[in-house]
Amino acid sequence: MNDALFSGLTLAADGPEFPTIDDFLLPQIIFPGTPFAMDRIIMVRIIATAILLVVLGVSAARAKLIPGRWQGAVEWVIEFVRDQIVYQVMGKERGQRYLPMITTMFFTILVFNLCGIIPGFNIAATATITMPLVFAGWCFVQYWVAGAREKGLGHFLKEELFPRGVPAPIYILLTPIQLLELLVIRPVSLTLRLFANMVAGHITVAVCLAATQWFLIEIPNKLWSILGIGTFAAGLAMTLFEILVAALQAFIFAMLTTAYINMSYPETE
């Protein structure tokens with residue numbers, strides 16, 4: 001038994017192959033070296049988008065007055081976004097303008113996030129910074145457009161950079177901070193919140209599964225199998241937790257986008 005234990009310890013010294021940053025720098029697999037080059041995560045985005053469009057398109061085409069279970073579930077999600085996010089923050093009259101945008105954003109981020117636990121995909125389509133940055137950019141383009149439309153660009157920038165009720169000398173410090181927040185801090189924080197959560201979830205699940213493979217398969221020792229069972233249970237729990245995080249991050253991103261756009265309207269001064 002001592003020999004077996006020593007053998008297991010020797011193998012354990014090498015350790016399992018844990019995920020690294022290279023797992024998010026995927027090689028180009030289609031059209032390499034061209035402007036149309038695609039890696040696995042881009043393919044995941046394309047496939048997930050196609051599936052989402054087909055599913056929602058078929059659901060809309062087969063919609064009935066008395067919905068079945070599937071139609072009822074889809075309508076429930078749409079109504080949740082409408083009532084609990086858009087209308088709750090903006091109100092019905094204003095929210096109708098942005099309902100298609102926020103609903104599209106919510107569904108897309110949710111499906112992209114869930115790709116991380118779908119066999120064959122095994123990575124969230126939001127686990128590189130590009131997609132979160134695109135969504136954040138979309139949010140702040142609408143934020144600026146709404147502010148310029150409702151207040152005029154000059155008045156909008158004046159209110160953002162020179163808040164009322166502040167002593168004039170303070171503007172020397174406050175205005176650059178306000179400009180930095182408007183152009184950098186808000187979009188970057190929105191981007192990093194989604195990106196970091198999905199990367200962290202992917203790494204955590206991958207670490208648990210890598211350890212499970214090591215303890216149950218690579219090390220020929222029953223004593224280490226106990227640890228393998230524990231890491232497998234942890235991996236399963238983290239996978240279920242990832243489902244919650246995927247939905248929660250879609251909700252938070254949609255809610256913050258709605259709130260930011262609403263801030264550009266006059267009565268939210």
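Residues numbered from 1 in each chain as written. Predicted model: local features only at pLDDT ≥ 70, side-chain atom pairs only at ≥ 80, totals over all residues. Heavy atoms only, no water.

Looking at an unreviewed UniProt entry, one finds the chain named ATP synthase subunit a, with Bifidobacterium olomucense as its source organism. Under the UniProt heading Function (unreviewed entry), the note attached to the chain is "Key component of the proton channel; it plays a direct role in the translocation of protons across the membrane." (UniProt positions renumbered as here; feature names shortened; annotations may be inferred.)

Summed over all chains, the structure comprises five salt bridges. In this structure, Arg82 engages Asp83 in a salt bridge whose closest nitrogen and oxygen atoms are separated by 2.9 Å. Here Glu181 makes a salt bridge to Arg186, at a shortest N to O gap of 3.3 Å. When its relative accessible area of 24% is taken as the criterion, Glu181 is described as partly exposed. For Arg186, a relative accessible area of 11% translates into the label buried. Overlapping salt bridges bring together Lys151, Glu159 and Arg164 as one network. (Salt bridge = Lys/Arg side-chain N within 4 Å of Asp/Glu carboxyl O. Buried < 20%, exposed > 50% of the residue type's maximum accessible area, 1.4 Å probe, protein only.)

Our focus in this paragraph is the packing of aromatic side chains. A complete count under the given rule lists nine aromatic pairs for this structure. With a centroid separation of 5.7 Å and an interplanar angle of 20 degrees, the aromatic rings of Trp76 and Phe80 are classed as stacked. Highlighted residues: Trp76 and Phe80, both in helix α3 (residues 69-90), separated by four residues, approximately one helical turn. Judged by its relative accessible area of 56%, Trp76 falls in the exposed class. When the ring of Phe140 is compared with that of Tyr143, the centres are 5.8 Å apart and the planes differ by 65 degrees; the resulting orientation is edge-to-face. A residue pair is termed a helical-turn pair when its members lie 3 or 4 positions apart in one helix, as Phe140 and Tyr143 do in helix α5 (residues 130-151) at three residues. Over the face of the ring belonging to Tyr265 we find Arg94, whose NZ or CZ atom lies 4.0 Å from the ring centre. (Phe/Tyr/Trp six-rings, centres within 6.5 Å; stacked < 30°, edge-to-face > 60°. Helix = DSSP H or I, 4+ residues; strand = E, 2+ residues; numbered from the N terminus. Lys NZ or Arg CZ within 6 Å of the ring centre and 35° of its normal.)

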